[in-house]
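Each chain, letter by letter, is given below.
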Amino acid sequence: MDDAVSSENGSGIQLVRFQIETRSTSTEAIINSCNGSVQSLTNCSSMNADPYDPQPNHNFSRRRSSTVRTKWEEAAIYAREGMNHEKFTHHPNSAVSNHAYLILHHPAFYITHLVLSVVLMLITLIEWPTLVYNQHEQYRTTLIAVHSAIEITILLFMSVDLFLRLLWLGIRSFISYRNRTLYISIFLLAMFVEAAVLLIRQDTHLRVLRVLRPVFFIDNHLIAGVRRLLQELFRCLRAISDIFLFLLFLIAFFAILGFCLFSNLDSDYFGSYGRSFVSLFVLLTTANHPDVMMQSYLSNSLAPLFFVCYLMLTAFIISNVLLGVVYSSFRDIEKNKFKKLYLHRREALKLAYSVLAGQDGIEFMDFILFMNEFQPNMSDLHKLCVYKALKARADIVSQACSQSCCIWNTETCNLSEGPLTQDQFYALYRTIQLKWNQVTKEKDLPKWVPTCAKETLRGIHLCVSWRWFNPLVGLVVSLNFAFYILYLTHAEISGSLSDPSEQSRHPLVLTISSIFLGFYCIELFLRIVGFGFVSYFQKPWNIFDFLIILISIAAQLLELHPSLMTYAICFRPLRLLRILRLKNRFKDILGALAVISSQILSVALLLIVIYYVFAIIGMESFHGRVFPGCWYVGNRSRNSVALLSAEYGFVIVNKE
């Protein structure tokens, strides 16, 4: 039987394929065929070299003397420091710091820290003044005790995190002005004192330190993208400050002109210099355009020239220049950051190589034992594929540039050819990100499958592999799209859009919808049977189709219940999303969105943090006050407004 191991990156594009000639598909047989042994992967007693003896070609004897680590563990720590972008000066040099380092970098610790930091931010939902305690007087003490106890418990965990960092970094690195852990410690102490005072007093007070809660969220390792984006944003402030000051100067200058020209014509927008400045500042966003100039235009037909010149300079020129400066600054910062990270990773791999390498390079068994420490969850077959990919990395890159799939036979890269060189080892980070799948090239089905079933399965495979099968499915999806548009048009003409469920109960609509859904189910069944269950779900677009059809079936069943009819028909348009498979350009657009999804998520999380901080500031500054125009009173009498003000503790702020 011919087996192939293929490599794919995260987007599903096939990069590498190499053949392995073997009679068994087990991991042990594959590794045995490559001059290795599975038993030797986990048993290092057969190694001649002393694993605790540092290699003569590196100078880590001082660090190695204070802790007991094998050379594979030492190299794994260097590789992990390079992958996490950590400074080598923070390298653990004792048994205590090593244990603290391993705990801090455990995935379970990352997730626990992230969950608790989110809970710490969400405590605001049960605190005053989010919850008006006047309405819950009997629960006042209980609520304060509950959210104070939760906050103190989370802060205690954060204290444990900082204590482990102290053990890992040492006192000198911990209090370094370039290390954010010192500032986080000060914030944590202040927040701890504030929460303790609240728990002791059992009464609410001004709590401005709640704005510091997102600090622990941003400090989490899993939110490194948000932290990096925030750092770049602060670095861009110096570049955009001059443009921003020039924009404020133009607004102030035109505010003076507007006050001098239109103060007698339009007192609402230009009655004073302050109103003139605010009106032009809002006009920068065109939110009050053209209302801001209509009164002046009625008095003087040349008045719009002032506003046209202002908008041309500020909204269309200076604002775009500001965006250009921000983009240029971000690009330069990203480029410099990429260079530093690239060189940092190469230095980490260089240090790891110096620990592992012998006289000629890294032997196969040293590499496998190193990977056991660096990637403990990686399978043995995956480690073998990574090793062989590193051995032929130059050939893979040259072939992958010209074609989407390149053939790599084991004869071209035998494990007996020699150890890994340093240049080959530099590609470790990119290679471990590849996904390897074992592909079986066998034309005949298993012997236990009946002959009649074999012919049927071959026919189904030929059917779904037919070149006109996908266009036929696309035509049916397009007809479904056209039917849905006609259905909405007919519902609008008949006046039943106010009650869509009534129109959806029509027998013709239900019948046609069921026919389309039945076709999709048959197509799904044919694809799964024709391509195989595992092969079908290896493609993201097939998973997308499967989920849409599954949701459509559930919605169709819910439509049988009259009370759920209104909600179930909302899922019908989901079937039309399958039209995205008709053109490859649609797939490219969605693929591009998937590539930048991590950056979009980082920006979204940063915006949430900014909104959270300003929401806390606004809540502490303006709670209990009602400004004219910000609270809709409607037809309520003055007595009812006074009662509401007394109930919620509002203070009506006069306009003047």
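Residues numbered from 1 in each chain as written. Predicted model: local features only at pLDDT ≥ 70, side-chain atom pairs only at ≥ 80, totals over all residues. Heavy atoms only, no water.

For the chain, the count of helices and strands is 30 helices and six strands. Taken across its 656 residues, the chain has 38% of its residues classed as buried. At a minimum sequence separation of 6, the contacts of the chain that also span at least 24 residues come to 69%. Per element, the accessible surface of the chain, about 37700 Å² overall, is 64% carbon and sulfur. (Helix = DSSP H or I, 4+ residues; strand = E, 2+ residues; numbered from the N terminus. Buried < 20%, exposed > 50% of the residue type's maximum accessible area, 1.4 Å probe, protein only. Contact = heavy atoms within 4.5 Å. Areas by Shrake-Rupley, 256 points an atom, 1.4 Å probe, with all protein chains shown as cover.)

Okay, the environment of Val326 next. By the secondary structure assignment, Val326 is in helix H15 (residues 304-356). For Val326 and Leu233, which are 93 residues apart along the polypeptide, the C-alpha to C-alpha distance reads 9.0 Å. Not counting chain neighbours up to four residues away, the residues in contact with Val326 comprise Cys236 and Ile240.

Okay, the pattern of salt bridges next. In the structure shown here, the tally under the stated rule is 16 salt bridges. Here Glu127 makes a salt bridge to Arg207, at a shortest N to O gap of 3.0 Å. Taken together, the positions of Glu127 in the loop between helix H6 (107-122) and helix H7 (140-169) and Arg207 in the loop between helix H9 (180-201) and helix H10 (214-218) put the pair 80 residues apart, joining distant regions of the chain. One exposure class covers both Glu127 and Arg207, and it is buried. Notably, a salt bridge pairs Asp219 with Arg180, separated by 2.5 Å at the nearest N-O pair. Here the residue Asp219 occupies a position in the loop between H10 and helix H11 (224-262), and Arg180 occupies one in helix H9, the gap between them amounting to 39 residues. Residue classification places Arg180 among the partly exposed residues on the basis of a relative accessible area of 38%. Within this structure, Glu127, Glu151, Glu194, Arg207, Arg210, Arg213 and Glu620 form a network of salt bridges that share partners. (Salt bridge = Lys/Arg side-chain N within 4 Å of Asp/Glu carboxyl O.)

Right, let's get into the packing of H7 against H9. One can describe the packing of H7 onto H9 by two numbers: an axis separation of 10 Å at closest approach and a directional angle of 155°. Relative to H9, H7 is oriented roughly antiparallel. Where H7 crosses over H9, the two elements pack in a sense that is left-handed. (Axes fitted to C-alpha atoms, helices over the stretch in contact; angles between N-to-C directions. Parallel < 35°, antiparallel > 145°, perpendicular 65-115°, else oblique. Left-handed = near helix turned anticlockwise from the far one by under 90°.)

For the structure on display, the rule yields 25 aromatic pairs. Between Tyr536 and Phe537 the ring centres are 5.1 Å apart and the planes differ by 85°, which places this aromatic pair in the edge-to-face class. For Tyr536, a relative accessible area of 2% translates into the label buried. On the accessibility criterion, Phe537 (22% relative accessible area) is partly exposed. (Phe/Tyr/Trp six-rings, centres within 6.5 Å; stacked < 30°, edge-to-face > 60°.)

Attention shifts here to helix H13 (residues 273-283). For H13, the set of buried residues is Ser276, Ser279, Leu280 and Leu283. When H13 is viewed along its axis, its buried side chains cluster within an angular range of 95° and face the same direction. Against H11, helix H12 (267-270), helix H14 (291-299) and H15 lie the buried residues of H13. (Arc of directions from axis to C-beta.)

Of all hydrophobic cores here, the largest spans 40 residues; its most connected members are Phe367, Phe370, Phe374, Phe425 and Leu428. Elements supplying a minimum of two residues to this core: helix H4 (71-83), H15, helix H16 (364-374), helix H17 (380-391) and helix H20 (428-432). Counting 20 residues, the second-largest nonpolar core is a separate cluster that includes Ala100, Phe109, Leu164 and Ile184. (Core = buried A, V, L, I, M, F, W, Y, C linked by side-chain atoms within 4.5 Å.)

Along the chain, Thr153 falls in helix H7. Separated by 39 residues in the primary sequence, Thr153 and Phe192 place their C-alpha atoms 9.8 Å from one another. Among the polar contacts listed, one links the side chain of Thr153 to the backbone oxygen of Ala149, at a separation of 2.7 Å. (Polar contact = N/O pair within 3.5 Å; in protein donor to acceptor, adjacent residues only side chain to side chain.)

Mean pLDDT for the chain: 76, with 73% of residues reaching 70 or above. Confidence drops under pLDDT 50 across residues 1-67; counting only partners more than four residues distant or on other chains, this segment forms 163 contacts. Every residue in residues 650-656 is under pLDDT 50, and counting partners more than four places away or in other chains gives 16 contacts. (pLDDT = per-residue confidence, 0-100.)

With their axes 13 Å apart at the nearest point, H4 and helix H5 (residues 95-104) run at an angle of 45° to one another. One element, H4, and the other, H5, form an angle in the oblique class. The hand of the H4/H5 crossing is left-handed. Contact residues: Ile77, Arg80 and Glu81 in H4; Asn98, Tyr101 and Leu102 in H5. In terms of residue class, the contact of H4 with H5 is made up of three nonpolar, one polar and two charged. (Nonpolar A, V, L, I, M, F, W, Y, C, P; charged D, E, K, R; others polar.)

Attention shifts here to unusual backbone geometry. Backbone torsion omega between His289 and Pro290 reads 5°, so that peptide bond is classified as cis. Note on placement: Pro290 falls in the loop between H13 and H14. Phi at His85 is positive, roughly 60°, even though this residue is not glycine. Looking at where His85 falls in the secondary structure, it is placed in the loop between H4 and H5. In this model, Thr286 sits at a positive phi of 60°, which is unusual for a non-glycine residue.

This brings us to a nonpolar patch on the surface. A surface patch of nonpolar side chains, about 770 Å² in accessible area, is lined by Ile111, Val115, Val118, Val119, Leu122, Leu125, Ile126, Val146, Ile150 and Leu222. Of all the secondary structure elements, the ones that give two or more residues to the nonpolar patch are H6 and H7. The dominant element in the nonpolar patch, judged by the number of residues it contributes, is H6, at five residues. Summarising the element assignment, Leu122 is placed in helix H6. (Patch = residues over 30% accessible without salt bridge, like charges linked within 9 Å, V, L, I, M, F, W, Y side chains within 5 Å.)

For an α-helix, 3.6 residues make a turn, and residues three or four places apart therefore share a direction. Taking 1.5 Å of rise per residue, 30 residues should cover 44 Å, and H7 covers 43 Å from first to last C-alpha, within 8% of that figure. Looking one or two residues past H7, Gly170 carries a phi angle of roughly 90°, positive in sign. (Expected span 1.5 Å × (residues − 1).)

Here the focus is the side chain of Ser276. Turning to its location among the elements, Ser276 is positioned in helix H13. Excluding residues within four positions of it along the chain, Ser276 makes contact with Ala255, Gly258, Phe259, Tyr269 and Phe270.

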